[in-house]
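Structural overview for review
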Amino acid sequence: MANHKITIYHDGTILTMDADFPQVEALAVMDERIVATGSLKDVKQAVGDGADLVSLEGGTLLPGFIDGHSHFCSGGMNRLYAADCAVENMEALKESLRRKLHDDRPSQWVVGHSFDEKGMEEQCYPTREILDEVSTDVPIFFRHVTGHTGIANSKALEIAGITRDTPDPAGGIIGRDAQGEPNGILEGIPAQTLVRKHIPGFTLDEMRAALADDSARYASCGITTAQGARPFLPWMRNWATR
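This section reports on the structure supplied with the text. Just so we're clear, the structure is a prediction, and the values are computed from it rather than from any experiment. (Residues numbered from 1 in each chain as written. Predicted model: local features only at pLDDT ≥ 70, side-chain atom pairs only at ≥ 80, totals over all residues. Heavy atoms only, no water.)

**Focus on the pattern of salt bridges**
Tallied over the full model, the rule gives 13 salt bridges. The salt bridge involving E95 is made with R99; its shortest N-O contact spans 3.9 Å. Of this pair, E95 and R99 both sit in helix α3 (residues 90–101), four residues apart, roughly one helical turn. Assessed through its relative accessible area of 36%, E95 is described here as partly exposed. Here K118 and E117 are joined by a salt bridge, their closest N and O atoms 3.3 Å apart. Take E117: its relative accessible area is 10%, and that puts it in the buried class. Connected through salt bridges with shared partners, the residues R79, D213 and D214 form a single ionic network. (Salt bridge = Lys/Arg side-chain N within 4 Å of Asp/Glu carboxyl O. Helix = DSSP H or I, 4+ residues; strand = E, 2+ residues; numbered from the N terminus. Buried < 20%, exposed > 50% of the residue type's maximum accessible area, 1.4 Å probe, protein only.)

**A look at the pairing of strand β4 (residues 26–30)**
The buried fraction of β4 is high, at five of five residues. Burial of β4 is two-sided: the residues A26, A28 and M30 facing one way and the residues L27 and V29 facing the other way are all buried. Across four bridges, strand β1 (residues 6–10) lies against β4 in antiparallel orientation. Its bridge partner being in β4, I8 is matched across the sheet by A28. Pairing analysis gives five bridges linking β4 to strand β5 (residues 33–38), with the strands arranged antiparallel. Within the sheet, the bridge partner assigned to M30 lies in β5 and is R33. (Pairing = 2+ DSSP bridges.)

**With respect to the sheet that holds strand β2 (residues 13–15)**
One open sheet accounts for three strands, arranged β3-β2-β7; its pairing is mixed. Among the strands making up the open sheet, the edge pair consists of β3 (23–24) and β7 (60–61). Note that β2 and β7 share two bridges and pair parallel. Bridging from a neighbouring strand, T13 pairs with T60 of β7.

**Points about the sheet that holds β4**
If you walk across this open sheet you meet the four strands as β5-β4-β1-β6, and the pairing is mixed. Looking at which strands have only one partner, the edges of the open sheet turn out to be β5 and β6 (52–55). Taking the axes of each pair of neighbouring strands and ignoring which way they run, one obtains an average angle of 25° across the sheet. Relative to β5, helix α1 (residues 40–47) is tilted by about 135°, and along the sheet it contacts β1, β4, β5 and β6. (Axes fitted to C-alpha atoms, helices over the stretch in contact; angles between N-to-C directions. Contact = heavy atoms within 4.5 Å.)

**Here's the deal with the nonpolar core**
Counting residues in each nonpolar core, the largest one holds 15 residues, and the members touching the most others are C85, L93, L97, F115, L131, I140 and F142. Not counting chain neighbours up to four residues away, the residues in contact with L97 comprise A83, C85, V110, L131, V134, I140 and F142. Of all hydrophobic cores here, the second largest spans 14 residues; its members include A152, A156, A160 and I162. (Core = buried A, V, L, I, M, F, W, Y, C linked by side-chain atoms within 4.5 Å.)

**Things to note about the packing of helix α2 (residues 74–81) against helix α7 (residues 204–220)**
Each packed pair of helices is defined by two parameters, the angle between the axes and the distance between the axes. Close contact between α2 and α7 brings their axes to 7 Å; oriented N to C, the two are set at 115°. By the angle between their axes, α2 is roughly perpendicular relative to α7. By crossing handedness, the relation of α2 to α7 is classed as right-handed. Residues S74, G75, G76, M77, R79, L80 and Y81 of α2 lie in contact with α7, whose contacting residues are E206, M207, A209, A210, D213, D214 and R217. (Parallel < 35°, antiparallel > 145°, perpendicular 65-115°, else oblique. Left-handed = near helix turned anticlockwise from the far one by under 90°.)

**Re the side chain of E117**
Along the chain, E117 falls in the loop between β10 (110–115) and α4 (128–132). Those residues in contact with E117 that lie beyond four places of it in its chain are Q123, C124, Y125 and H144.

Next up, the structure:
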């Protein structure tokens, strides 16, 4: 094993998740791969001289976690390209959206994520009139934390061609005010799609950056296997042309 970096971890709790050998005294890693486990004496013998000894100082070492459901790498896209809409009141919501008006990404849209009215003082959804206070020239769209409802400003509704005469799509509801005008609240994926299909796609470089950002975040939490349920849709459509 000459010319290879070998590290032996010991002096802590090492869990293997193997029912037959649930815990070992030491673990050796070579070139980022586990090559030996067992007693410290046996592991040292297995890898030979020259290994670095690292004390866990009583801590616990265990295999990487497997993500069961987290929509990798949506978190990276949200952090890099979207406004954080998990705020305490409407003024904070508008301020978060305003900050994205000056983003370096030339998308011509402001998008947001993680809105939840239950965490807000007002305990209600914003309407297009509230979002219009942020901008009437730049389209704005974000979704509820559940993903089942979207909120759009007047410009986004205009681009989507949504008017008082637009019928509700099958499986969706276009919210309306007392006069029958669209109020910007779009319930259900079919209603949201009327707007979302107009949002410009990510470039390949942007997708790579989001992937790297979320990979680092997951790894820092000990998650080594993750899944992504169509993570770049619906915004990936146009990346090849940008």
